[in-house]
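One-letter residues, chain by chain:
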Amino acid sequence: MRLFVICILFAFVVLAALVAFPGDVFGQAALAPGLSELVDRQGGSDSLVNIVVFLEEDNRRTAMMAAAEMSRDERIKRMTAELQGRKAHGRDEVARFLQTKAQLGIQEYWVTPAFAATVPVSELVNLANIDGVRLVVENVPLTVIEPVDERPATGALAATVSQPLQQLKVPALWQRGLSGKGRLICSFDTGVEYDHPALASKWRGTTAPLSASWFSKVAPAALPADVSGHGTHTMGIMLGSAGSDTIGVAPGAQWISAGVIDQGRPLGTTIADIIEAFQWALNPDGNAATTSDVPDVILNSWGIPKGLFQPCDETFATVIENVEAAGIVTIFAAGNEGPTPMSLRNPADMVLSPLCSFAVGAVDNYNIVAGFSSRGPASCDQLTVKPDVVAPGVNIRSSHLDGTYKLLSGTSMAAPYIAGLVALIREYNPNASVDQIKNAFILASTDLGTAGKDNNYGNGLVDASRLLEHIADPTVPVFSLSRVSVSGDGLALPGEQVDLSVTVGNASGNLDLITGRLVSKAASGVSVLTAQTAFSFSGTRLSAINQTPLVLLLSDTLHNGLVLPFQLLLSYGDNVDTDTLTFNLVVGIAPNGTIATHHTDELEVTVSDFGMFGLAPGSIYNIRGEGFSVAGSDNLLYEAGIILGRNALQLSSGVRSAAGGLAASDFTPLHNLSDEWTGSDGGYRRSAQFSDRSAQIPIPITVRQETAVYPSLDNNGLLIVTYRLQNTSLENISNLSFGLLVDFDLTGMESVGYDQTLNLVHHAGASGPQAGLVGLSGVTSFKVFDNGEITKRGFTKAELFDIISRPGVELGAAQSDDRFFIVSAGPFAIPARDSVEVSFAFVGGRNQSELFANAAAARRLHDQATGTDTDGNTLPAVYELHQNYPNPFNPSTKIAFSLPGASEVSLRVYNSLGQEVAVLHEGRLAAGQHSVEWQAGELASGVYFYRLSTEGTDLTRKMVLLK
């Protein structure tokens, strides 16, 4: 009787629930709170909602636990195969339901059993009621964890180790030879500026397909990009470096990225996009047989904002667990909603297991928790202590948009430090499991704040120097190659015999002696004379240098900048060739810019954007340029390069060393050589811009270079070079001298003469073509020198400055076996932000008559462009923009302007709101008077402004349109 009464009461309860809720109460229980509220408000509506359906996953932790003792390679393959082959309960029924009810297509996932679709609100309860449906959530946008502070980073990158890296004691791992080499880092962020100088060389996409290196739902076929700079900043913290300046934890690692936050779509990035990104990360290249494409760690700088889902929400639970079961460590920024308790974002505050959703908080450089850093406990159970660890996150300097650097603050800046450390650990032991790595972070942390783990600092600040104490030694030694150097002057020049010194690291410190065998992988041009050597790690040393030199012989057919690949095969005990280290050796000095060649019927000359000319085989600096040839001759130019100096110490050079040998140019391009374009005078031109930032004491000068040849001229054996020396400082620059060293190698005895009328220094051999240089603007001094009998003559900085600052013409002896000259201009006094011009012309001819004719043509072209027109009239002395006529006007008017020299010109019209309404001219114009007619067309009456922009000035005037 009692049982009967209980059953009756239960029936009444169920009936009451069904009356109170129009849908199936059990089905509605599977709906996320937001969708339940939507059903309550408009349950019968046919309006559409974008959803993700999660299915029950049986024994979802079984695979992860079974895979714990596997190698990383086996773990990835097994877990990926299992996930792709798994069939969740209710999958077929849900698929059939969505095929009939969903709009706009269906997306199914295997990283977790789930579907994404768009369905009518009226069907939500029916969908949720299908047996096997675990959870239905709205496919809502997610957000990046925004920095709380952003500041420009002034000055150059510091060459010293940054404060945050010292704070974490990261250099202790670098000293063990660990840099992250061979490891792969992934970020789920706003994207990455792929060509940032600190990141470009480390992008996996330089050697792998784009689809395996970049995930984007917005622009999958485009190169990685970043709208906000956030993802570029976090990636820099993980592995950024530029030259000797290291800002990242693991500068030897590579990166891939999923641009899943703030990528520009109107609805933002959604839950489904994140799920698909995790699925991509498990198999980026689409080939289940490969595992080197799978990242070691994923940094997550995103989270579900508070209030969107209920506490303890497990939307991403199985996704994260499955990814970590495959061996990928997931690191989460805790959030920037502190100091409020229970302020961590989901999924950073999930507590499925003691190590799941590893959350990182932020401290300042005094190890004080940042006020913004989100606090625990986890909102799920209001008990579990969070975050897990902390790292520096205040005023962190790293890469940002447009190749710049910025200081940002946030837990998104702290978490990358921990993610970067994962790469160093995996380099030490590639098979270290996810749990082992996370436990190492906890055990190697220095307790801060309240004793023990607390809701401000978690387990404390990670001490990188102690991490490897808690990681099992690798089953085989982990070797690394930290340095390769060349004996003597450090250059491996063509034709030289070279001794190599190689430093090998063994991070585990468990061997005394190993042997190495060097193998050249170059197709030709390299002979390995001594290939075998030994490395002694006596005691507990972690690095060793080869005991005997590795000797190479380089062919003289090689060119500077050529990259030679090598392998160093390492053996120990009875283990032969157990590890292979690869490295590249650059022949000579690699060019720090680009080259191009101008051609006419009579002349070809190679120019650069780093202050040098010629650059052909047989010259002082062979980088496979075409040199300087006249009428099809062989290359006649051994060397030509510019010099800038203010005194004997502050001197920047693109010419030979004091010993007469090759030296790297002090000039580095700011804008590389342009493509060839045609000027208004018929000249074929190229432009470039560079500075002397590689000099020991740089001069605050930007050099704008323009080169031009004239193929249509009868006398076309000439190249005009114009330099605009711009003072980029806020102070006047005084006593600046310009020089150009030119060394032609002609046939037999050489003679050099000077023609005052043409301002021409001409160079002739016993026979064959002749060459010379015409000083066109500013060039007033000419000095001729003899090369030595065996080696070319060199100059110290003091000697060079004396030569280019000393006035006059000095020709020396009438003849010599080998002669060269230096022409110079100045000294100049350049006011702040002002500039001066220096120009000259390289000329050539089959004989002296042709040489002089080409010199005269160069002089005539220069005078036409900058001084006097063909009728002998003086050209304008200044830039001037004249008032339009008529004014007011309707519907057309004429605008005139004056140019004292050839220039890039932009003439544009703007309305009174500053909006551009017309472009009247864009391009190069010669010196002189110019005018343009403007047809106002359908524009309304009113005040308009026209602006003239040139290389020398910006001028604006007002005009009135009356209709």
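Heads up: the structure comes first, above all this text.
Residues numbered from 1 in each chain as written. Predicted model: local features only at pLDDT ≥ 70, side-chain atom pairs only at ≥ 80, totals over all residues. Heavy atoms only, no water.

Caption draft 1: Representation of helix H15 (residues 797–805) in the model. Among all positions in H15, only Leu800, Phe801, Ile803 and Ile804 are buried. Buried positions in H15, seen along its axis, are confined to an arc of 160° and lie on one side of it. Looking at the buried residues of H15, the elements they touch are strand E35 (637–645), strand E36 (651–653), strand E42 (733–744), strand E46 (779–786) and strand E49 (819–830). (Buried < 20%, exposed > 50% of the residue type's maximum accessible area, 1.4 Å probe, protein only. Helix = DSSP H or I, 4+ residues; strand = E, 2+ residues; numbered from the N terminus. Arc of directions from axis to C-beta. Contact = heavy atoms within 4.5 Å.)

Caption draft 2: Summary view of the packing of helix H10 (residues 230–239) against helix H13 (residues 411–428). Running from N to C, H10 and H13 point in directions that differ by 40°, and their axes come no closer than 8 Å. Between H10 and H13, the angle falls in the class oblique. Here H10 and H13 pass one another in a crossing that is right-handed. Judged by residue contacts, His230, His233, Thr234, Ile237 and Met238 of H10 engage Ser412, Met413, Pro416, Tyr417, Ala419 and Gly420 from H13. In the contact of H10 with H13, the residues fall into six nonpolar, five polar and no charged. (Axes fitted to C-alpha atoms, helices over the stretch in contact; angles between N-to-C directions. Parallel < 35°, antiparallel > 145°, perpendicular 65-115°, else oblique. Left-handed = near helix turned anticlockwise from the far one by under 90°. Nonpolar A, V, L, I, M, F, W, Y, C, P; charged D, E, K, R; others polar.)

Caption draft 3: Inspection of the sheet that holds strand E1 (residues 48–55) at higher detail. The strand order E2-E3-E1-E4 describes an open sheet built from four strands, whose pairing is antiparallel. Because the sheet does not close on itself, it has two edges, and the strands there are strand E2 (103–109) and strand E4 (133–138). Ignoring which end each strand starts from, the neighbouring axes of this sheet average 25° apart. The pairing of E2 with strand E3 (residues 114–120) spans four bridges and is classified as antiparallel. Residue pairing for E3: Gln107 is matched across the bridge by Ala116. (Pairing = 2+ DSSP bridges.)

Caption draft 4: Molecular detail of the packing of aromatic side chains. Tallied over the entire structure, the rule returns 25 aromatic pairs. Consider the rings of Phe215 and Trp280, whose centres lie 5.7 Å apart with planes at 35°: the pair is tilted. With Phe215 in strand E8 (residues 214–215) and Trp280 in helix H11 (residues 271–282), this pair connects stretches of sequence that are 65 residues apart. Take Phe215: its relative accessible area is 8%, and that puts it in the buried class. Within the aromatic cluster, the residues linked to one another by ring pairs are Phe613, Phe628, Phe667, Phe690, Tyr723, Phe738, Phe744, Phe821, Phe840 and Phe842. (Phe/Tyr/Trp six-rings, centres within 6.5 Å; stacked < 30°, edge-to-face > 60°.)

Caption draft 5: The pattern of salt bridges, seen in detail. Per the stated rule, a full pass over the model turns up 31 salt bridges. Close ionic contact of Lys406 with Glu150 constitutes a salt bridge, the shortest N to O distance being 2.7 Å. Placement of Lys406 in strand E19 (residues 405–409) and of Glu150 in strand E6 (residues 149–152) is noted, with a sequence separation of 256 residues between them. Of the residues examined, Glu150 reaches a relative accessible area of 44% and is grouped as partly exposed. When the shortest N-O distance is used, the salt bridge between Arg806 and Glu810 registers 2.9 Å. A relative accessible area of 25% places Arg806 in the partly exposed class. (Salt bridge = Lys/Arg side-chain N within 4 Å of Asp/Glu carboxyl O.)

Caption draft 6: Structural context of the sheet that holds strand E52 (residues 892–899). With antiparallel pairing, three strands are arranged side by side in an open sheet as E51-E52-E55. Where the open sheet ends on each side, the last strands, each with one partner, are strand E51 (880–881) and strand E55 (928–935). In this structure, E51 lies alongside E52, joined through two bridges in antiparallel fashion. Bridging across to E52, Leu881 finds its partner in Phe897.

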